[in-house]
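Structural characterization, general
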Amino acid sequence: MADKRQQKTQTRKSRTITLNHDVIIVGAGLAGLFVALKLAPIPTTIIAAKTLGSGSSSVWAQGGVAAAIGEGDTTDKHAADTINVGAGLVDHQIAQLITSEAPAAIKDLLHYGVPFDKNIEGILQLSKEAAHSNRRIVRVEGDRAGAAIMAALISAVKQTPSIQILEQIEVHKLARKNGHIKGVYFWPSSAKGTGKGTLLKARSVILATGGCGHLFEKTTNPDMARGEGLAMAAKIGAVISDAEFAQFHPTAIDSDIDPAPLATEALRGEGAHLINNQGERFMQQLHKDAELAPRDIVAIAVDRERKAGRGAFLDCASTIGKNMEKQFP
């Protein structure tokens with residue numbers, strides 16, 4: 001009995017590990033890895049709840065990255081497309097900022113070794129996706145962009161001396177003292193939340209924990225996307241903006257698998273049609289861009305067809321056909 005009481009007391013206590021690193025990054029998806037690489041040579045620690053390359057939605061991304069790098073395209077056009085489909089809700093400054101930096105981000109990813117598709121002349125091949133007026137999606141083997149980007153960044157991170165990686169660790173609380181963030185509390189992922197955890201000190205903490213998409217019953221988001229980073233920030237007084245905007249991928253595959261497998265938007269970019277069980281292309285009546293309408297409009301349309309008993313199907317046979325396996329492995 002005494003041993004049990006002593007063990008219980010020990011789990012309640014927290015211990016402190018002092019790092020000689022200036023920055024802690026919570027999250028090891030594309031955002032976390034990219035930030036760590038851009039901060040080099042500043043000493044940085046990445047905390048990953050699972051092993052690198054798993055648990056993140058970044059590795060599942062298929063279609064590619066949008067950037068105005070094609071002939072005749074501009075970052076202003078890219079920003080205008082973004083604002084145009086945002087139903088009046090887009091922050092214009094942020095749209096301009098992100099689209100203006102996109103070409104440089106592609107150059108960075110090429111530098112880190114991402115094998116984006118190129119033609120025989122060595123020029124990046126671009127595809128088209130919903131709500132874009134130009135072909136500006138940079139991709140890898142049709143539908144393998146996320147996995148390829150993550151593999152390249154993981155390799156680059158492991159070769160960067162200023163970056164330390166802690167895997168199988170879950171942060172559950174931000175540490176604060178005198179109004180300033182001083183680090184994070186964590187426990188091993190296998191511990192399932194016992195005691196206060198261990199304190200890791202750092203001068204700065206960056207949350208790159210993803211969104212909260214897995215809180216919904218049907219989603220293509222991994223189980224780690226539960227909004228815990230948002231909750232940790234909110235608990236210490238951070239202002240959370242636009243938390244109601246959860247994006248749903250319109251063409252998830254109807255199955256009992258959780259998360260639902262997705263069929264890349266690039267399929268529609270190459271001509272695949274959305275039809276119901278009567279063979280009707282229902283998107284043509286709803287939006288001038290049909291299957292390439294903004295995602296929210298397509299997702300709502302798919303939901304309506306299903307609830308009406310007509311179902312929703314992605315017809316690739318009449319357009320992509322025999323090239324399916326080669327273009328979208």
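Residues numbered from 1 in each chain as written. Predicted model: local features only at pLDDT ≥ 70, side-chain atom pairs only at ≥ 80, totals over all residues. Heavy atoms only, no water.

Let us look at unusual backbone geometry. Most of the time, phi is negative for any residue but glycine, and the peptide bond is trans. With omega at 15 degrees, the peptide bond leading from Ala40 into Pro41 counts as cis. When you line up the elements, Pro41 lands in the loop between helix 2 (30–39) and strand 3 (44–47). Following Asp258, the chain continues into Pro259 via a peptide bond in cis, with omega recorded as 0 degrees. Among the secondary structure elements, Pro259 is positioned in the loop between helix 6 (228–235) and helix 7 (266–269). Positioned with a positive phi, Ala131 is a non-glycine residue whose angle comes to about 70 degrees. Positioned with a positive phi, Asp242 is a non-glycine residue whose angle comes to about 55 degrees. By the element assignment, Asp242 lies in the loop between helix 6 and helix 7. (Helix = DSSP H or I, 4+ residues; strand = E, 2+ residues; numbered from the N terminus.)

With that out of the way, let us pick up the nonpolar core. Counting 33 residues, the largest nonpolar core has Leu33, Leu37, Ile46, Leu109, Val114, Phe116 and Leu153 as the members making the most contacts within it. Mapped onto this core, the elements with two or more residues apiece are strand 2 (23–26), helix 2, helix 4 (92–111) and helix 5 (145–158). Not counting residues up to four positions away in its chain, the partners in contact with Ile46 are Ile25, Gly27, Ala28, Gly32, Leu33, Ala36, Val157, Ile163, Gln164, Ile165 and Leu166. (Core = buried A, V, L, I, M, F, W, Y, C linked by side-chain atoms within 4.5 Å. Buried < 20%, exposed > 50% of the residue type's maximum accessible area, 1.4 Å probe, protein only. Contact = heavy atoms within 4.5 Å.)

The next thing to look at is the packing of aromatic side chains. Any aromatic ring pair is given by two values, namely how distant the centres are and how the planes are angled relative to each other. Scanning the entire structure with this criterion turns up two aromatic pairs. Where Phe216 meets Phe248, the ring centres are 5.0 Å apart and the plane angle is 80 degrees; that geometry is what we call edge-to-face. Here Phe216 is found in the loop between strand 11 (204–207) and helix 6, whereas its partner Phe248 is found in the loop between helix 6 and helix 7, with 32 residues between them in sequence. On the accessibility criterion, Phe216 (38% relative accessible area) is partly exposed. (Phe/Tyr/Trp six-rings, centres within 6.5 Å; stacked < 30°, edge-to-face > 60°.)

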